[in-house]
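For reference, the chains in residue letters:
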Amino acid sequence: MNNIKIGVLALQGAVREHIQHIEALGVTGIAVKRPRELDEIAGLIIPGGESTAIGKLMVEYDFIDAVRAFGEAGKPVYGTCAGMILLAQRISEGGQPLLGLMDIEARRNAFGRQRESFEADLDIEGIGLFRAVFIRAPWIEATGEGVQTLAEFDNIKVMARQNQYLASAFHPELTGDVRIHKYFLDMIEEA
Amino acid sequence: MVETGTQRVKTGLAEMLKGGVIMDVTDASQAKIAEEAGAVAVMALERVPADIRAAGGVARMADPTKIAEIVEAVTIPVMAKARIGHFVEAQILEALGVDYIDESEVLTPADEEHHINKWDFKVPFVCGCRDMGEALRRVSEGAAMIRTKGEPGTGNIVEAVRHMRSVNEAVGWLKGLREEELFAAAKDLQAPYELIKWVHDNGRLPVVNFSAGGIATPADAALMMQLGADGVFVGSGIFKSGDPAKRAKAIVQATTHFADAALLAEISKDLGEPMVGIEISQIPQAEMMQERGW
């Protein structure tokens, strides 16, 4: 059993699935509801959900500065879907609270409404073929220097890494595949 | 291979809504208030349930103009209601691009025997239930999300509590049964054996379960969350209250921090008048919305 604890921001969204994936790796998963709980964890996952709702609750409960400080201290942060939007420095349209930790521009609901939601096989660098579930998903419109694109769908960037930050437009927590969570665990162990 | 409308994509959106509040709205300005308050989705309606109850007559799918206006106004998912069994209303809602269809007892049923075959659609459905049997019948018809019904438009939480407890009790009961007892359980609950077995093995419903029908205060929302709801629907409770924007925001916060009593006390302060409630025993049997659905 590994002593590392990974937190999942538990303001709203698919928290349970991420915790199940973390625990499948033999690591403790913690639902983080208040900023002080960030002290207990070595890495943080910001789950999918509604990015506007999560963003507003992050502002309300003083998470914006706390998660920025967490990331800037070198601790890994992984955002899925809504979490990817929150990690971005810019969004293509509209406004909402952002952490701005990753030098990417995200476009919300870029793939369309629910009827356009889909699953597809991606070839992820360092991981391989992966069944990815996209739900009202955003995409990465642009990346800055130092951002490595890890996966594309139809020539559109859908997964990226910048040092201790990882982002995917899709939901690995909705499949039984834990390889991306393992990749994130490796990032934590290297940090 | 790229696939749309898979069960994983349909149930997946419900997973993303967990821990959130879905609010009934009747126009674009209400939808914006809901989004601003932190709602995870809005339910586009012609009238909120309290007004449907007051108006009487036949309640139908909302005017597509109204739904389109709400879809335009917000970036969060938009749900809309079709009558029980009215698969053409559902086809129209799918064509309009709504993100979830609620086959709802709040509207007047179109079919007193059959629900919509929800497997025919790419858009996911949420359906109401009062107990485990009803929940699993809806899942077997293709529902990707369930909500316990409560009694809509009353501002009275008692029926919501009854239905959530009933579902939870059945989960505990099924979990404790021996394998050979599951066949008789399927017969008793009038639900498919495979789904009964799934609940027995996994200790929960196969899809996300929200609470609906009677939530009027932050404490009501937190109560339903503590009883095991994955999230809440608030119908008349917000826009029939004195200060909708403030109450909506408070209910969102209470749904996130449902187990933190000190915080709930803060959140619940100074919200203005709640909606006026209705005592359930004062509602004639024929007007009980929860009885609709088979």
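Not measured: the values here are computed from a predicted model.

**Q** So what exactly am I meant to see when it comes to the overall build of chain A here?
**A** Counting secondary structure elements, chain A contains five helices and twelve strands. Taking 191 residues into account, the globule formula puts the C-alpha radius of gyration at 16 Å, and chain A, at 15 Å, falls close to it. Taking the principal axes of its C-alpha atoms as reference, chain A extends roughly 40 × 35 × 30 Å. Residues counted as buried form 62% of the 191 residues belonging to chain A. Nonlocal contacts in chain A, meaning residues at least 24 apart in sequence, comprise 63% of its contacts between residues at least 6 apart. Within the structure as shown, chain A displays about 6,900 Å² of accessible surface, and the carbon and sulfur contribution to it stands at 43%.

**Q** It is not clear to me how unusual backbone geometry should be interpreted in this structure. Could you clarify?
**A** Working note: non-glycine residues mostly have negative phi, and peptide bonds are mostly trans. Residue and element names in this part refer to chain A. Its identity as a non-glycine residue notwithstanding, Asp-62 has a phi of 55°, on the positive side. Secondary-structure assignment places Asp-62 in the loop between helix H2 (51–60) and helix H3 (63–72). Exposure remark for Asp-62: the relative accessible area of 57% places this residue in the exposed category. A positive phi angle is found at Arg-136, which is not glycine, with a value near 40°. Tracing the backbone shows Arg-136 in the loop between strand S8 (128–134) and strand S9 (139–143). Arg-136 gets classed as buried once you look at its relative accessible area, which sits at 6%.

**Q** It is not clear to me how empty space enclosed by the protein should be interpreted in this structure. Could you clarify?
**A** By rolling a water-sized probe across the atoms, one finds the places where empty space is left. Under the definition given, this model contains two cavities of 30 Å³ or more. Lining the largest cavity are 23 residues; nearest its centre among them are Pro-49, Pro-152, Ala-212, Gly-213 and Gly-235 of chain B. Going through the elements one at a time, strand S9 (232–234) and helix H11 (236–239) of chain B are the ones with two or more residues in the lining of the largest cavity. Residue composition of the lining of the largest cavity, by class: nine nonpolar, eight polar and six charged. As a volume, the second largest cavity reaches approximately 120 Å³. Lining the second largest cavity are 13 residues, with Gly-49, Glu-50, Cys-81, Asn-109 and Arg-136 of chain A positioned closest to its centre. Elements that contribute at least two residues to the lining of the second largest cavity include exactly helix H4 (82–87) of chain A together with helix H1 (7–17) of chain B.

**Q** Please explain the packing of aromatic side chains as it appears in this structure.
**A** Any two aromatic rings considered together are summarised by their centre-to-centre distance and by the angle between their planes. A full pass over the atoms with the stated rule returns 13 aromatic pairs over all chains. Both rings, one in Phe-121 of chain B and one in Phe-125 of chain B, keep their centres 5.1 Å apart while their planes meet at 70°; by these two values the pair is edge-to-face. Accessibility expressed as a relative area gives 0% for Phe-125 of chain B, which makes it buried. Among the aromatic residues, those joined into a cluster by ring pairs are Phe-111, Phe-118, Phe-130, Phe-134, Trp-139, Phe-153 and Phe-170 of chain A.

**Q** Sorry if this is basic, but what is going on with the sheet that holds strand S1 (residues 3–4) of chain B here?
**A** Through backbone hydrogen bonds, the strands of a sheet pair up, either in parallel or in antiparallel fashion. If you walk across this open sheet you meet the three strands as S8(A)-S7(A)-S1(B), and the pairing is antiparallel. Every other strand in the sheet has two partners, leaving S8 of chain A together with S1 of chain B as the edge strands with one partner each. Pairing of strand S7 (residues 118–124) of chain A with S8 of chain A, which is carried by seven bridges, proceeds in the antiparallel orientation. Across the sheet, Ala-120 of chain A pairs through a bridge with Ala-132 of chain A, a residue of S8 of chain A.

**Q** Explain the layout of surface pockets to me, please; I cannot follow it from the model alone.
**A** Counted as a void, the largest pocket has a volume near 480 Å³. As for the largest pocket, its lining consists of 22 residues, and the residues nearest its centre are Glu-93, Arg-108 and Asn-109 of chain A together with Val-74 and Thr-75 of chain B. Mapped onto the lining of the largest pocket, the elements with two or more residues apiece are H2 and strand S6 (102–107) of chain A together with helix H2 (28–37) and helix H4 (64–73) of chain B. It is H2 of chain B that provides the largest number of residues to the lining of the largest pocket, a total of three residues. Class assignment for the residues of the lining of the largest pocket results in four nonpolar, eight polar and ten charged.

**Q** Help me understand the interface of chain A and chain B in this model?
**A** Interface size, as often reported, equals the accessible area lost upon joining of the parts. Taken together, the contacts link 38 residues of chain A with 45 residues of chain B. Linking chain A with chain B are nine salt bridges. Where Asp-99 of chain B meets Arg-113 of chain A, a salt bridge forms, and the shortest distance between an N and an O atom there is 2.5 Å. In this assembly, chain A and chain B are joined by 26 residue pairs in polar contact (both at pLDDT 80 or more). When contributions to the side of chain A that touches chain B are tallied by element, the ones reaching two or more residues are helix H1 (15–24), H2, S7 and S8 of chain A. Of the residues forming the side of chain A that touches chain B, the biggest block, five residues, is contributed by H2 of chain A. By residue class, the composition of the side of chain A that touches chain B is twelve nonpolar, ten polar and 16 charged.

**Q** Help me understand the side chain of Glu-15 of chain B in this model?
**A** Of note, Glu-15 of chain B is situated in helix H1. In this structure Glu-15 of chain B comes out as buried when scored by relative accessible area, which is 10%.

**Q** How should I be thinking about the pattern of salt bridges in this particular structure?
**A** Should their charged atoms come close, side chains of opposite charge can pair. Inspection of every chain in the model, using the stated rule, returns 40 salt bridges over all chains. Ionic pairing is found between Arg-115 of chain A and Glu-116 of chain A, a salt bridge with its closest N-O pair at 3.2 Å. A relative accessible area of 32% places Arg-115 of chain A in the partly exposed class. Taking the shortest distance from any N to any O, the salt bridge between Arg-136 of chain A and Asp-99 of chain B comes out at 3.0 Å. Here Asp-99 of chain B lies in the loop between helix H5 (87–96) and strand S5 (100–104) and Arg-136 of chain A lies in the loop between S8 and S9, a pairing that spans two chains. Through salt bridges with shared partners, one network takes in Glu-119, Asp-121 and Arg-131 of chain A together with Glu-3 and Arg-8 of chain B.

**Q** Explain H2 of chain B to me, please; I cannot follow it from the model alone.
**A** Residue pairs three or four apart in sequence face the same way in an α-helix, which turns once every 3.6 residues. For H2 of chain B, every residue scored as buried is listed here: Ala-28, Gln-30, Ala-31, Ala-34, Glu-35 and Ala-37 of chain B. Immediately beyond the C-terminal end of H2 of chain B, within one or two residues, lies Gly-38 of chain B, with a positive phi of roughly 100°.

**Q** Is there a simple way to think about the nonpolar core in this case?
**A** As a rule of thumb, nonpolar side chains are buried together in soluble globular proteins. The biggest cluster of nonpolar side chains holds 122 residues, and the ones touching the most others in it are Met-58, Ile-124, Phe-134 and Phe-170 of chain A together with Met-224 of chain B. Broken down by element, this core gets its largest block of residues, six residues, from helix H5 (residues 179–190) of chain A. Residue contacts for Ile-124 of chain A: discarding those within four places in its chain leaves Phe-130, Leu-150, Ala-151, Met-159, Phe-170 and Ile-180 of chain A. By size, the runner-up hydrophobic cluster in this structure holds 24 residues, among which are Leu-174 of chain A together with Val-9, Leu-17 and Ile-22 of chain B.

Analysis parameters
Residues numbered from 1 in each chain as written. Chains lettered and ligands numbered in written order. Predicted model: local features only at pLDDT ≥ 70, side-chain atom pairs only at ≥ 80, totals over all residues. Heavy atoms only, no water. Helix = DSSP H or I, 4+ residues; strand = E, 2+ residues; numbered from the N terminus. Rg over C-alpha atoms; globule rule 2.2 N^0.38 Å. Buried < 20%, exposed > 50% of the residue type's maximum accessible area, 1.4 Å probe, protein only. Contact = heavy atoms within 4.5 Å. Areas by Shrake-Rupley, 256 points an atom, 1.4 Å probe, with all protein chains shown as cover. 1 Å grid on protein atoms, 1.4 Å probe; cavity = no way out; pocket = protein on both sides within 12 Å on 5 of 7 lines; lining within 4 Å. Points joined across faces, edges and corners; volume = space filled by probe spheres on them. Nonpolar A, V, L, I, M, F, W, Y, C, P; charged D, E, K, R; others polar. Phe/Tyr/Trp six-rings, centres within 6.5 Å; stacked < 30°, edge-to-face > 60°. Pairing = 2+ DSSP bridges. Salt bridge = Lys/Arg side-chain N within 4 Å of Asp/Glu carboxyl O. Polar contact = N/O pair within 3.5 Å; in protein donor to acceptor, adjacent residues only side chain to side chain. Core = buried A, V, L, I, M, F, W, Y, C linked by side-chain atoms within 4.5 Å.

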